[in-house]
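# Summary of the model geometry
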Amino acid sequence: RKEVEQDPGPFNVPEGATVAFNCTYSNSASQSFFWYRQDCRKEPKLLMSVYSSGNEDGRFTAQLNRASQYISLLIRDSKLSDSATYLCVVPFTGRRALTFGSGTRLQVQP
Amino acid sequence: NAGVTQTPKFRVLKTGQSMTLLCAQDMNHEYMYWYRQDPGMGLRLIHYSVGEGTTAKGEVPDGYNVSRLKKQNFLLGLESAAPSQTSVYFCASIPRGPPITYNEQFFGPGTRLTVL
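This structure is a prediction, so every number in the text was calculated from the model and none was measured.

Cut-offs and rules
All residue numbers refer to position in the chain's written sequence, counted from 1. Starting at A for chains and at 1 for ligands, labels are handed out in the order in which the entities are written. Given that the model is predicted, a residue must reach a pLDDT of at least 70 before its local features are reported, and side-chain atom pairs must reach 80 or more before they are shown or counted; all residues, however, enter totals for whole chains, interfaces and linings. No hydrogens and no water enter the side-chain calculation; it runs on all heavy atoms of the structure. Each helix is a run of DSSP H or I of at least 4 residues and each strand a run of E of at least 2, with the numbering of both proceeding from the N terminus. Taken over C-alpha atoms, the radius of gyration is set against a globule rule of 2.2 Å times the number of residues to the power 0.38. Each residue gets one of three labels from its accessible area relative to the maximum for its type: buried under 20%, exposed over 50%, partly exposed in between, using a 1.4 Å probe on protein chains only. To be clear on the numbers: accessible area is Shrake-Rupley with a 1.4 Å probe, and residue cover counts the displayed protein chains and nothing else. Within this scheme the basic residues Lys and Arg register as positive and the acidic residues Asp and Glu register as negative, but His and the chain ends are omitted. Positions of charges follow a simple convention, taking NZ of Lys, CZ of Arg, CG of Asp or CD of Glu. Contacts are residue-level and defined by heavy atoms, with any inter-residue pair within 4.5 Å sufficient. Defined here as a combined quantity, buried area equals the accessible surface (1.4 Å probe) lost by two parts on assembly, summed across both. Here, a salt bridge means any side-chain nitrogen of Lys or Arg that lies within 4 Å of a carboxyl oxygen of Asp or Glu. Two N or O atoms form a polar contact when they lie within 3.5 Å of each other; inside protein one atom must be a possible hydrogen donor and the other a possible acceptor, and for residues adjacent in sequence the pair counts only when both atoms belong to side chains. Residues are grouped as follows: Ala, Val, Leu, Ile, Met, Phe, Trp, Tyr, Cys and Pro are nonpolar; Asp, Glu, Lys and Arg are charged; every other residue, Gly included, is polar. Strands are treated as partners if at least two bridges between them are detected by DSSP. The angle between two axes is taken between their N-to-C directions and runs from 0 to 180 degrees, where each axis is a line fitted to C-alpha atoms and a helix contributes only its stretch in contact.

A word on the overall build of chain A. If you tally the helices and strands in chain A, you get zero helices and eleven strands. Each helix (α) and strand (β) of chain A, taken in turn from the N terminus, gives the series β-β-β-β-β-β-β-β-β-β-β. What you see for chain A is a C-alpha radius of gyration of 13 Å, in line with the 13 Å of a compact globule of 110 residues. For chain A, the C-alpha atoms occupy an extent of roughly 45 × 30 × 20 Å along the three principal directions. When each of the 110 residues of chain A is scored for burial, the buried share is 47%. Counting every atom, chain A has about 5,200 Å² of accessible surface; 46% of that belongs to carbon and sulfur. Of the charged side chains in chain A, 13 are positive and 10 negative; the average position of the first set lies 6 Å away from that of the second.

Next comes the structure, spelled out in structure tokens:
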């Protein structure tokens, strides 16, 4: 089983829509979870950190379900500028490192 | 602060050539990482370091070597480049934090490597 799995998408949504991505992870001891955003051919940048049950920042909400070992990212009122790839990131089992999901691509259309 | 920088930004190699990619950070971070990203895929960990003088293998270490002689620098070497190593290489660093938790990972802008 992969350390972290995501639906690759793409998710094509109209402006103003609400969209949610899910991510499952295998390391049950994980304490830190992250969502990173990556624009085409650029380096990933931190979008949100999740250390407890969830986190909210404006239009973005991340939720953690430890029992089912999944993390979700909810984007409300989608903007054209939200078009990007969203990477789910969790600690790597047995390594002092983080591991990245393959990413979910979001395309917001006018 | 420059953050995390990578040198070079682009490089084209011929099969069998060698090269070294340099990652430098000025944030006094303990942990440093090298990833590769292939088209349509996520980042895969090549090697990492949890402190000066230490290195460890990631999930795809074959064909690469690393060194961390100074805390601020993490070098990635390709001894004999192969076309399968054509990729975008990202370096990243994290400050030391509480046990089993992690802080934000800071990335360099990437190095685009093509091996012909």
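Our next topic: the interface of chain B and chain A. Buried accessible area, meaning the area lost when the parts come together, often serves as the stated size of an interface. Across the boundary between the two partners, chain B contributes 27 residues, which contact 22 residues of chain A. Together, the buried faces of chain B and chain A total about 2,100 Å²; carbon and sulfur atoms form 53% of this surface. Contact with chain A buries surface across chain B, with Y102, F107 and R112 of chain B losing the most and accounting together for 29% of the total. The tally of links from chain B across to chain A stands at zero salt bridges. Counting every contact that joins chain B to chain A gives six residue pairs in polar contact (both at pLDDT 80 or more). Per-element tally for the side of chain B that touches chain A: the top contributor is strand 4 (residues 31–37) of chain B, with four residues. Split into classes, the residues belonging to the side of chain B that touches chain A amount to 15 nonpolar, eight polar and four charged.

The linkage connecting G9 of chain A with the following residue, P10 of chain A, adopts the cis geometry, with an omega of 5°. The topology assignment puts P10 of chain A in the loop between strand 1 (4–6) and strand 2 (11–14). In this structure, P8 of chain B follows T7 of chain B across a cis peptide bond, with omega equal to -5°. Along the chain, the position of P8 of chain B falls in the loop between strand 1 (4–7) and strand 2 (10–13). With a phi angle near 50°, D77 of chain A is a residue other than glycine that sits in the positive phi range. Residue position: D77 of chain A is located in the loop between strand 8 (70–75) and strand 9 (84–91). Of note, N28 of chain B is a non-glycine position whose phi angle comes to about 60°, a positive value. Among the secondary structure elements, N28 of chain B is positioned in the loop between strand 3 (19–25) and strand 4. Residue class for N28 of chain B comes out exposed when judged on its relative accessible area of 55%.

Quick look at the sheet that holds strand 7 (residues 64–67) of chain B now. Residue and element names in this part refer to chain B. A sheet is described by the order of its strands in space; here four strands give the open sequence 1-3-8-7, paired in antiparallel fashion. Whereas interior strands pair on both sides, the edge strands pair on one side only; in this sheet they are strand 1 and strand 7. Recorded for the sheet is a direction-independent mean angle of 20° between the axes of neighbouring strands. Alignment of strand 1 against strand 3, held across four bridges, turns out to be antiparallel. Note that in strand 3 the partner of V4 across the bridge is Q25.

By themselves, these figures tell us nothing about what the structure is for.
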